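So the chains spell out like this:
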Amino acid sequence: MEKVPTALPGVVELRPKIFRDPRGFFLETYHREKFAELGITADFVQDNHSRSSRGTLRGLHYQLPHAQGKLCRVIEGEVLDVAVDIRLGSPTFGKWTSVVLSADHSNMIYVPAGFAHGFLTLSESAQFLYKCSDVYAPKDEHGIAWNDPDINIAWGIDNPLVSEKDARYTKLYEMPRDLLPRYSS
């Protein structure tokens, strides 16, 4: 497994070794000890799977106080996966990074707890799988506006398909500070 740093410390792209032959391919998508050697020690407790059509944008989501680290990958299609540092006191607060996840490349992104997360479907459809380090807790769910001009994410789309809930999210700087995670070095 190759670990590729992104512009945000802690958010990393992972590129697994893929074994291909005339029958198809094999790859290891998760191995606790090998991930720990890469510095990813999250204890994953829930797996999720979504399917989205082209132009669908999901996010930017996070939970508090039950923050979730996420290990994300695509098994069909391609998405632009985005992480935003929303940890109060972080030197990269309000900054974002992205990785194009592709079924063809089988790459992954690890997004630590304390970051908002979202993705945009670039292909006709995409199946998106992700492991979470805490269970989904509806009362703890929060979000940041996908089009927050202060964050200025380069989504490459002006009018994505978003849920009613995601369309109602506010800008990062308008979020009550008690609803944002805290940075700890």
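Peer 1: Looking at this model, I keep getting lost on the overall build of the protein. Mind explaining?
Peer 2: Secondary structure assignment for the protein yields two helices and 13 strands. Once the C-alpha set of the protein is aligned to its principal axes, its extents read approximately 55 × 35 × 30 Å. Per-residue burial over the protein gives 49% buried out of 185 residues. Look at the contacts in the protein between residues 6 or more apart in sequence, and 80% of them connect residues 24 or more apart. For the protein, the exposed surface amounts to about 9700 Å²; the carbon and sulfur share of it is 50%. When the 21 basic and 24 acidic side-chain charges of the protein are each reduced to a single mean position, those positions are 2 Å apart.

Peer 1: So what exactly am I meant to see when it comes to the environment of Arg-51 here?
Peer 2: For Arg-51, the location among the structural elements is in strand E5 (residues 46-53). We classify Arg-51 as exposed; its relative accessible area is 52%. Note: C-alpha distance between Arg-51 and Tyr-173 (122 residues apart in sequence) is 31 Å. Excluding residues that lie within four positions of it along the chain, Arg-51 makes contacts with Arg-58, Glu-76, Ser-125, Ala-126 and Gln-127. Side-chain polar atoms of Arg-51 contact the side chain of Ser-125, separated by 3.3 Å.

Peer 1: What's the story with unusual backbone geometry in this structure? I'm lost.
Peer 2: Leaving glycine aside, a negative phi is the common case for residues, and trans is the common case for peptide bonds. Geometrically, the link from Gly-59 to Leu-60 is a cis peptide bond, its omega value of 10 degrees lying close to zero. Within the secondary structure, Leu-60 is located in strand E6 (residues 57-63). Note the cis peptide between Leu-64 and Pro-65, where omega equals 10 degrees. Residue placement: Pro-65 occurs in the loop between E6 and strand E7 (70-76). Here the phi dihedral of Ser-106 falls at roughly 55 degrees; this positive angle occurs in a residue that is not glycine.

Peer 1: What is the right way to read the nonpolar core from this model?
Peer 2: For soluble globular proteins, nonpolar side chains are generally found buried alongside one another. Counting residues in each nonpolar core, the largest one holds 20 residues, and the members touching the most others are Leu-60, Tyr-62, Val-84, Ile-86, Ile-144, Trp-155 and Leu-180. Of all the elements in the fold, those that place two or more residues in this core are E6, strand E8 (78-85) and strand E11 (115-121).

Peer 1: Just checking my understanding: could you explain the environment of Leu-14 for this structure?
Peer 2: Residue position: Leu-14 is located in strand E2 (residues 12-15). For Leu-14, a relative accessible area of 0% corresponds to the buried category. Spatially, the C-alpha atom of Leu-14 lies 18 Å from that of Gln-68, the residues being 54 residues apart in sequence. Those residues within four positions of Leu-14 in sequence are excluded, and the remaining contacts are Met-1, Glu-2, Lys-3, Phe-35, Leu-38, Ile-40, Leu-71, Asn-107, Met-108 and Tyr-110.

Peer 1: Before we go on, may I ask you to explain the pairing of strand E4 (residues 24-27) in this structure?
Peer 2: Along any regular strand, the residues point their side chains to alternate faces of the sheet. Where strand E3 (residues 18-21) meets E4, four bridges bridge the pair, whose relative direction is antiparallel. Bridge pairing in E4 links Phe-19 to Phe-26. Here E3 folds back onto E4 in antiparallel fashion, the turn holding two residues.

What counts, and where the lines are drawn
- Residues numbered from 1 in each chain as written.
- Predicted model: local features only at pLDDT ≥ 70, side-chain atom pairs only at ≥ 80, totals over all residues.
- Heavy atoms only, no water.
- Helix = DSSP H or I, 4+ residues; strand = E, 2+ residues; numbered from the N terminus.
- Buried < 20%, exposed > 50% of the residue type's maximum accessible area, 1.4 Å probe, protein only.
- Contact = heavy atoms within 4.5 Å.
- Areas by Shrake-Rupley, 256 points an atom, 1.4 Å probe, with all protein chains shown as cover.
- Lys, Arg positive; Asp, Glu negative; His and termini not counted.
- Charge placed at Lys NZ, Arg CZ, Asp CG, Glu CD.
- Polar contact = N/O pair within 3.5 Å; in protein donor to acceptor, adjacent residues only side chain to side chain.
- Core = buried A, V, L, I, M, F, W, Y, C linked by side-chain atoms within 4.5 Å.
- Pairing = 2+ DSSP bridges.

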